Amino acid sequence: GAGVSQTPSNKVTEKGKYVELRCDPISGHTALYWYRQSLGQGPEFLIYFQGTGAADDSGLPNDRFFAVRPEGSVSTLKIQRTERGDSAVYLCASSLIGAGPGELFFGEGSRLTVL
Amino acid sequence: GQQVMQIPQYQHVQEGEDFTTYCNSSTTLSNIQWYKQRPGGHPVFLIQLVKSGEVKKQKRLTFQFGEAKKNSSLHITATQTTDVGTYFCAGRRNMRFGAGTRLTVKP
């Protein structure tokens, strides 16, 4: 598709379970960002990939959170031992660096609910 | 790290009134971007400002970048119900978003 695709759109899990959220960026976009957004809050930065490498992972809240982008395209955000406080909408965005303003194109998000 | 603060947090206006939101940074920004998020939607890019003192207009929206490149503002003239949403600013270098200003418009 033409836009950023995120799956699943909704995920309900139990506390302590493992979760994977997938992001398929716009073709050719080398930069990929993960954010999480709680109700009424701004997007909270988690991690930024440039190509395959994590250029900035300082936003990951703790070691239960991990993200990969092995081939420089699709990225997976992995959350271990989920906690109720992890409930939020996880947003992925991609950007084309070096051409134009480099604006972020966001996906529709994955809504995670931890019971 | 670089953080941007936005005020006000909420703004409720009567349709036809003007609206302004402010974005402030403790450090100099290389450039700044503005996004709009409609209720239930995802953030959508509005504009990027790069130069000191830059002013850009998009129909009823006017964006300004401060001379010191530490603050920015978004002004909407004669708000309409379609302007409803949350407006965010973000420093382009590390793409940290402010908390946003939520605008509601009473018809």
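Being a predicted model, the structure only gives us computed values, none of them experimental.

Concerning the interface of chain A and chain B
Where the parts come together, the accessible area they lose is often given as the size of the interface.
Then, number 1: At the junction of the two partners, chain A supplies 19 residues and chain B supplies 15 residues.
Then, number 2: Inspection of the chain A/chain B interface yields one salt bridge.
Then, number 3: Residue aspartate 56 of chain A pairs with arginine 96 of chain B through a salt bridge whose shortest N-O separation is 3.0 Å.
Then, number 4: Where chain A packs against chain B, one counts six residue pairs in polar contact (both at pLDDT 80 or more).
Then, number 5: Of all elements in the fold, only β4 (31–37) and β9 (88–95) of chain A reach the threshold of two or more residues within the side of chain A that touches chain B.
Then, number 6: Here the residues of the side of chain A that touches chain B sort into nine nonpolar, seven polar and three charged.

What about the packing of aromatic side chains?
Then, number 1: Scanning the entire structure with this criterion turns up 12 aromatic pairs over all chains.
Then, number 2: Ring geometry for phenylalanine 106 of chain A versus tyrosine 35 of chain B: centroids 6.1 Å apart, planes at 90°, classification edge-to-face. Here the residue phenylalanine 106 of chain A occupies a position in strand β10 (residues 105–106), and tyrosine 35 of chain B occupies one in strand β4 (residues 32–37), the pair thus bridging two chains.
Then, number 3: Overall, phenylalanine 106 of chain A belongs to the buried group, its relative accessible area being 6%.
Then, number 4: Ring centres of phenylalanine 19 of chain B and tyrosine 87 of chain B lie 5.9 Å apart, and the angle between their planes is 45°; this geometry places the pair in the tilted category.

Some details on the sheet that holds strand β1 (residues 5–7) of chain A
Residue and element names in this part refer to chain A.
Then, number 1: On the basis of which strands lie adjacent, the open sheet formed by four strands has the order β1-β3-β8-β7 and antiparallel pairing. Each end of this open sheet is capped by a strand with a single partner; those strands are β1 and β7 (65–68). Geometrically, the sheet is characterised by an average inter-axis angle of 15° between neighbouring strands, direction not taken into account.
Then, number 2: Here strand β3 (residues 19–24) pairs with strand β8 (residues 75–79) via five bridges, running antiparallel. What sits directly across from glutamate 20, in β8, is lysine 78.

Here we look at the layout of surface pockets
Then, number 1: Of the pockets and cavities examined, the largest pocket occupies roughly 690 Å³.
Then, number 2: Taken together, 33 residues form the lining of the largest pocket, with Gln37, Leu39 and Gly40 of chain A together with Gln37 and Gly40 of chain B sitting closest to its centre.
Then, number 3: Only β9 and β11 (110–114) of chain A together with β9 (85–91) and β10 (101–106) of chain B provide two or more residues apiece to the lining of the largest pocket.
Then, number 4: Per-class residue counts for the lining of the largest pocket are 11 nonpolar, 18 polar and four charged.
Then, number 5: Approximately 230 Å³ is the volume found for the second largest pocket.
Then, number 6: Lining the second largest pocket are 14 residues; nearest its centre among them are Gln3, Val4, Phe97, Gly98 and Ala99 of chain B.
Then, number 7: Secondary-structure elements contributing two or more residues to the lining of the second largest pocket are β5 (44–50) of chain A together with β1 (4–7) of chain B.

Points about the state of the cysteines
Covalently bonding the sulfur atom of one cysteine to the sulfur atom of another cysteine gives a disulfide.
All names here are of chain B.
Then, number 1: In total, this model carries two disulfides over all chains according to the counting rule given.
Then, number 2: Two residues share a disulfide in this structure: cysteine 23 and cysteine 89, whose sulfurs sit 2.0 Å from each other. What sets the handedness of the cysteine 23 and cysteine 89 disulfide is the S-S torsion sign, and at about 80° it is right-handed. Separated by 66 residues along the polypeptide, cysteine 23 in strand β3 (residues 19–25) and cysteine 89 in strand β9 bring together distant segments of the chain.
Then, number 3: Since its relative accessible area comes to 1%, cysteine 23 is described here as buried.

Rules used throughout
Residue numbering note: each chain is counted from 1, following its sequence as written. By the order in which they are written, chains take letters starting at A while ligands take numbers starting at 1. Note on the predicted model: pLDDT of at least 70 is required for a residue's local features to be given, and 80 or more for side-chain atom pairs to be given and counted; whole-chain, interface and lining totals, by contrast, use all residues. Note that the side-chain values use all heavy atoms of the structure and ignore hydrogens as well as water. Here, residues are in contact when the closest pair of their heavy atoms is within 4.5 Å. Salt bridges, as used here, are contacts in which a Lys or Arg side-chain nitrogen is within 4 Å of a carboxyl oxygen on Asp or Glu. Any pair of N or O atoms that falls within 3.5 Å is considered a polar contact. Within protein, one atom must be able to donate a hydrogen and the other to accept it, and sequence-neighbouring residues count only if both atoms are side-chain atoms. What counts as a helix is a DSSP run of H or I of at least four residues, what counts as a strand is a run of E of at least two, and both are numbered from the N terminus. Residues are grouped as follows: Ala, Val, Leu, Ile, Met, Phe, Trp, Tyr, Cys and Pro are nonpolar; Asp, Glu, Lys and Arg are charged; all remaining types, including Gly, are polar. Two rings from Phe, Tyr or Trp (for Trp, the six-membered ring) form a pair when their centres sit within 6.5 Å of each other. Planes less than 30 degrees apart are called stacked, planes more than 60 degrees apart edge-to-face, and all others tilted. Throughout, exposure labels follow a simple rule: accessible area from a 1.4 Å probe, protein chains only, divided by the maximum for the residue type, with under 20% read as buried, over 50% as exposed, and the rest as partly exposed. One bridge is not enough; two strands pair if DSSP finds at least two bridges between them. Throughout, an axis means a line fitted to C-alpha atoms (over the contacting stretch in the case of helices), and angles, computed between N-to-C directions, take values from 0 to 180 degrees. Both cavities and pockets are sets of points on a 1 Å grid over the protein atoms alone; in a cavity a 1.4 Å probe fits but cannot get out, in a pocket the set is open with protein on both sides within 12 Å along at least five of seven lines, and lining residues sit with an atom within 4 Å of a point. Grid points are joined across faces, edges and corners, and a volume is the space filled by probe spheres set on the points. Disulfide assignment relies on a single distance test, namely cysteine sulfur atoms paired within 2.5 Å.

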